[in-house]
Amino acid sequence: MRTRFAPSPTGYLHVGGLRTALMSWLVARQSKGAFLLRIEDTDQERSVAGATENILKTLAWAGMQPDEGVMLQGDSAVQKGTKGPYIQSERQAQGLYGKYADELLKSGHAYHCFCTPQRLEEMRKKQEARKQAPMYDRQCVKLSPEEVDAKLKAGERYVIRMKVPHERIIAFEDEIRGKVQFQGHTVDDQVLLKSDGFPTYHLAHVVDDHLMEIDLVIRGEEWLSSLPKHLLLFEFLGWKPPRYAHVPLLLNKDRTKLSKRQNSVAVEEYMQKGYLPEALVNFLALLGWNPGTTQELFTMEELVSAFSLDRVQKAGAVFDTEKLDWLQGQWIRKIPLKEFMERIRPLVAEKYPDAATDKMLEKKAALIQERITFFAEAPDMLSFFYIKPNVSLDLLISSKQKVTKENLPRALEVIENILKSIPGKEWTSDRLLAAFQEKVKEGEWKLGQLLWPLRVALTGRAYSPGAVEVAEAMAEEQGTEAVLQRVQTALALTTS
Ligand code: GLU
């Protein structure tokens, strides 16, 4: 199966684009086929320098390298394959599209249109006023061959439009939507070749998908309404169309079309925020695709074997960032501890230089890997190991844990005594916990009444790794005295 991703280099890569690229990539992998990358830059005004490299780097980050077409070599874009060039402006320079526009003119499936932009604008306004769908009114279809010749000789500007047979019904079986059908008279006579000689997307991609022998086109649903034009072009040119899968839209939470106003839509933004490619890919795969099992975590390899277009739903898919964050957490926990430590080390060291050579970092990393969502949170989550926290009385007290202003001083004394009763060599989290549980058995204290103040005394935070785990790591690093000192500091707060 030969599939393709055909972005326009107009800026960033949209998450919806990455999603259709992913599906195309998966289908190609499944069939041991080829995933092509073609750059659609026929709209020169909208093309942005560097955008192609950016798109390629983003795809590489997500783990999808093209097999053919435009791809990265080091930092620059190169082209590989026998069906190139794979950049439409280069294909245009070879006269590739004009040739087919001429063929369509000759066979009577296209015509010259000399209407000026002003006339088209007036026409559009009138149609709007009459509440009609905007559509070319075919004024130039009526021109005789002689009139066309005369206008061409006079150097009048023109475009080439396709001539849609109004009486036809164009039906097609979409891989996701099933049977789709269009009435010819509702289809606009699309411009194929612009007055600057550049093809429009419609002509260019049909020619390219044919010449590049694409078997399956996976693209966003916004192209479905253009499908009849594309199918007719294939027919007029005597070519077999590829299969098409029009993927449902991505939606905001309020079920409107995914928008910048409510969500980040650029993949780059997710990269910058620190999302793992595994998490974003996993998330995008599950948008609108139902694996048919309860499995939610998928590696790329697992997606290759599990994905199928027939389990992609027709309805739009809500872009649920809470689910994305959940997946991100799941994927962070899967990172081997040593690797996780090395990823957070430079971040922590930026804030606390000692971390650069910290031999205890692995142990500290283990404490936070279970609860972290982004690497960037690590310096803050580990801060109390590097600097003494600012502990507040308010935080030491907890109605949930039944720690009150009245019982807090006594709780801290009990904590201190328990800690003091355990020899330094035995300060493991298990041993510490057992000692606290022992105390609880006596009946006066609940476990939370002791562990809460201990945790706050050591970390200064309401959310942190467990108290006895922190105590163990801190004692190993700074000695049991340092731990006791923090408990004593907290105790002193209660009496001041
Ligand atoms: N260049 C088009 C775009 O950027 C590609 C559409 C298609 O996949 O056919 O949306």
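What comes next concerns the included structure. Everything numeric here is computed off the predicted structure, so don't read it as measured data.

## Digging into the overall build of the chain
Then comes step 1: Within the chain, the regular secondary structure consists of 22 helices and 13 strands.
Then comes step 2: Computed over its C-alpha atoms, the radius of gyration of the chain comes to 32 Å, more than 25% above the 23 Å expected for a compact globule of 496 residues.
Then comes step 3: Considering only C-alpha atoms, the chain reaches an extent of 105 × 50 × 40 Å along its principal axes.
Then comes step 4: Looking at the chain as a whole, 50% of its 496 residues qualify as buried.
Then comes step 5: When contacts within the chain are restricted to residue pairs at least 6 apart in sequence, those whose partners lie at least 24 apart make up 72%.
Then comes step 6: Surface accessibility of the chain: about 24000 Å² in total, with carbon and sulfur atoms responsible for 50%.
Then comes step 7: In the chain, the 67 positive side-chain charges and the 67 negative ones have mean positions that sit 3 Å from each other.

## Details of the pattern of salt bridges
A side chain with one charge may pair with a side chain of the opposite charge, provided their charged atoms come close.
Then comes step 1: Counted according to the given criterion, the structure contains 29 salt bridges.
Then comes step 2: Between R38 and D209 there is a salt bridge, with its nearest N and O atoms 2.8 Å apart. Of the two residues, R38 sits in the loop between β2 (34-37) and α2 (51-62) while D209 sits in helix α7 (residues 201-211), which places them 171 residues apart along the sequence. Both residues of the pair, R38 and D209, belong to the buried class.
Then comes step 3: The partner of R243 in a salt bridge is E175, with the nearest N and O atoms 2.9 Å apart. Of this pair, R243 sits in strand β11 (residues 243-247) while E175 is found in the loop between β7 (169-174) and β8 (178-183), placing the two residues 68 residues apart along the sequence.
Then comes step 4: With relative accessibility at 36%, the residue R243 sits in the partly exposed group.

## Focus: the sheet that holds strand β9 (residues 191-193)
Then comes step 1: Within the open sheet, the three strands sit side by side as β5-β6-β9. Their pairing is antiparallel. What marks the edges here is a single partner per strand, and that holds for β5 (110-113) and β9. Ignoring which end each strand starts from, the neighbouring axes of this sheet average 45° apart.
Then comes step 2: Where strand β6 (residues 159-162) meets β9, two bridges bridge the pair, whose relative direction is antiparallel. Counterpart to R161 in the pairing with β9 is V191.

## Looking at the site of the ligand
Then comes step 1: Around the ligand sit R4, A6, S8, E40, Y201, R219 and W223, and that is every residue in its neighbourhood.
Then comes step 2: Side-chain polar atom of R4 to an oxygen atom of the ligand: 2.6 Å apart, as the coordinates give it.
Then comes step 3: With respect to the ligand, the side chain of E40 contributes an N or O atom lying 2.6 Å from a nitrogen atom.
Then comes step 4: When the free accessible area of the ligand is taken as 300 Å², the share hidden by the protein chains comes to 79%.

## Things to note about unusual backbone geometry
Then comes step 1: The omega torsion of the bond from G84 to P85 falls at -5°, within 30 degrees of zero and hence cis.
Then comes step 2: Looking at the element boundaries, P85 is found in the loop between β4 (76-80) and α3 (88-93).
Then comes step 3: Backbone geometry at K32 places phi at a positive 50°, although glycine is not the residue there.
Then comes step 4: Looking at where K32 falls in the secondary structure, it is placed in the loop between α1 (15-30) and β2.
Then comes step 5: A relative accessible area of 76% places K32 in the exposed class.
Then comes step 6: One non-glycine residue, K402, lies in positive phi territory at about 60°.

## Describing the pairing of β7
Then comes step 1: The alternating pattern of β7 places I170, F172 and D174 on a buried face, while none of I169, A171 and E173, on the opposite face, is buried.
Then comes step 2: Strand direction decides the pairing type here: β7 and β8, joined by six bridges, are antiparallel. The residue of β8 that forms the bridge with E173 is K179.
Then comes step 3: Hairpin connection of β7 to β8: three residues between the antiparallel strands.

## Considering the packing of aromatic side chains
Then comes step 1: Inspection of every chain in the model, using the stated rule, returns 15 aromatic pairs.
Then comes step 2: Between W289 and F298, the ring centres sit 5.4 Å apart and the planes meet at 65°, which makes this aromatic pair edge-to-face. Grouping residues by exposure puts W289 and F298 together as buried.
Then comes step 3: An aromatic cluster is defined as three or more aromatic residues linked by ring pairs; in this entry it consists of Y270, Y275, F283, F319 and F374.

## A closer look at the packing of helix α13 (residues 337-351) against helix α14 (residues 361-369)
Then comes step 1: Axis separation between α13 and α14 bottoms out at 9 Å; the angle between their running directions is 100°. Comparing their axes, α14 and α13 come out roughly perpendicular. For the pair formed by α13 and α14, the contact residues are L337, K338, F340, M341, I344 and R345 on the first element and L361, E362, A365, A366, I368 and Q369 on the second.
Then comes step 2: A per-class count over the contact of α13 with α14 returns eight nonpolar, one polar and three charged.

## Remarks on helix α12 (residues 321-333)
Then comes step 1: Here α12 spans 18 Å end to end across 13 residues, near enough to the 18 Å set by a 1.5 Å rise per residue.
Then comes step 2: Taken together, the buried positions of α12 are occupied by L324, L327, Q328, G329, W331 and I332.
Then comes step 3: On its buried face, α12 sits against α9 (267-273), α10 (277-286), α13 and α14.
Then comes step 4: Measuring from the side-chain oxygen of the N-cap residue of α12 to the backbone nitrogen of E322 gives 3.1 Å; that N-cap residue is D320.

## Observations concerning the packing of α14 against helix α21 (residues 467-478)
Then comes step 1: Packing of α14 against α21 leaves a shortest axis separation of 10 Å and a crossing angle of 170°. The angle between α14 and α21 falls in the class roughly antiparallel. Side by side, α14 and α21 meet where K363, K364 and L367 of the first sit next to E469, V470, E472, A473, E476 and E477 of the second.

Parameters and conventions
- Residues numbered from 1 in each chain as written.
- Predicted model: local features only at pLDDT ≥ 70, side-chain atom pairs only at ≥ 80, totals over all residues.
- Heavy atoms only, no water.
- Helix = DSSP H or I, 4+ residues; strand = E, 2+ residues; numbered from the N terminus.
- Rg over C-alpha atoms; globule rule 2.2 N^0.38 Å.
- Buried < 20%, exposed > 50% of the residue type's maximum accessible area, 1.4 Å probe, protein only.
- Contact = heavy atoms within 4.5 Å.
- Areas by Shrake-Rupley, 256 points an atom, 1.4 Å probe, with all protein chains shown as cover.
- Lys, Arg positive; Asp, Glu negative; His and termini not counted.
- Charge placed at Lys NZ, Arg CZ, Asp CG, Glu CD.
- Salt bridge = Lys/Arg side-chain N within 4 Å of Asp/Glu carboxyl O.
- Pairing = 2+ DSSP bridges.
- Axes fitted to C-alpha atoms, helices over the stretch in contact; angles between N-to-C directions.
- Near = heavy atom within 4 Å.
- Polar contact = N/O pair within 3.5 Å; in protein donor to acceptor, adjacent residues only side chain to side chain.
- Phe/Tyr/Trp six-rings, centres within 6.5 Å; stacked < 30°, edge-to-face > 60°.
- Parallel < 35°, antiparallel > 145°, perpendicular 65-115°, else oblique.
- Nonpolar A, V, L, I, M, F, W, Y, C, P; charged D, E, K, R; others polar.
- Expected span 1.5 Å × (residues − 1).

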